[in-house]
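# Overview (structure and organization)
Chain residues, written in single-letter form:
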Amino acid sequence: MIKITYLGHSTFLFTIKDKSLLFDPFIRPNGLAAEIEISDLNPDFILVTHGHEDHVADVETIAKQSKAMVVSNFEIVSWFQQKGIENVHPMNHGGSKSFDFGSVKYVSAIHSSTLPDGASGGNPGGFVVKCEEGTFYFAGDTALTYDMKLIGVEFDIDFALLPIGDNFTMGIKDALKAADFVGTNKIIGMHYDTFPYIQINKEAALELAHAAGKELILLTIGSSITLGKK
Ligand code: NI
Ligand code: MN
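Quick summary incoming for the structure in this document. (Residues numbered from 1 in each chain as written. Chains lettered and ligands numbered in written order. Predicted model: local features only at pLDDT ≥ 70, side-chain atom pairs only at ≥ 80, totals over all residues. Heavy atoms only, no water.)

### Describing the coordination of the manganese ion (ligand 2)
The manganese ion (ligand 2) binds to the protein through D54 (OD), H55 (NE2), D141 (OD) and H191 (NE2); the donor distances cover 2.1 to 2.2 Å. Written as a sequence motif, the donor residues of the manganese ion (ligand 2) are D-H-x85-D-x49-H. The two metals, the manganese ion (ligand 2) and the nickel ion (ligand 1), are separated by 3.0 Å and share D141 as a common coordinating residue. Placement of D54 in helix α1 (residues 53-56) and of H191 in the loop between β12 (186-190) and α6 (202-211) is noted, with a sequence separation of 137 residues between them. (Donors = N, O, S within 2.8 Å, 3.2 Å for Na, K, Ca; no water. Helix = DSSP H or I, 4+ residues; strand = E, 2+ residues; numbered from the N terminus.)

### Observations regarding the pattern of salt bridges
Inspection of the entire model under this criterion finds ten salt bridges. Residue E132 pairs with K17 through a salt bridge whose shortest N-O separation is 3.2 Å. Taken as a pair, E132 in the loop between β9 (125-131) and β10 (134-138) and K17 in the loop between β2 (12-16) and β3 (19-23) lie far apart in primary sequence, 115 residues in all. Each member of the pair E132 and K17 is classed as exposed. Given the relative accessible area of 53%, K17 is considered exposed. Here the salt bridges do not stand alone but share partners, grouping K17, E132 and E133 into one network. (Salt bridge = Lys/Arg side-chain N within 4 Å of Asp/Glu carboxyl O. Buried < 20%, exposed > 50% of the residue type's maximum accessible area, 1.4 Å probe, protein only.)

Right under this line is the structure:
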């Protein structure tokens, strides 16, 4: 099984066997995640979808304290190398790489990716992680895009982490279509409620998902679930 802990916004800690993967760490600036101590985080990998502050804010600190490998696109990885992070793995769109927990494919996203200091963060992406315990799609920040159908063609997706906050990304209605495109009925919602622009009506979102025959999981910050094949 895959253990998934929600740390607020689009920040998730995945535990797969004895490895842990932290996605898009944005914890200290997030008032909703005030109870999360970043000094407690000791991941083996940090996966970064794109360069925006609300996805990279705590990467440097956590990478330096944990010596985790930072996995992202070439531009973002190079930016962190300049900050003294040596354990990195650069990727770009369409590329896959095997790690000891499983394989990672960096897939397209429709969004932007400028880094906090104005440097180019390349083009934004998402990840498909495939391991013995299951296969999941972490969309990052993105619009609904027909390219998501390619993910459904290539992979047997068990669950998808999709933004549902609208305004800067998909809202719930497009996220339900995205789940269809990638071929899953199980969605973990992310990128909602952190800022006024992305506040949502959670009850309405849950009702829309239910009516569409989908399971929408909205985790409380700090809580965990386990999902996956075995
Ligand atoms: Ni963004
Ligand atoms: Mn964002």
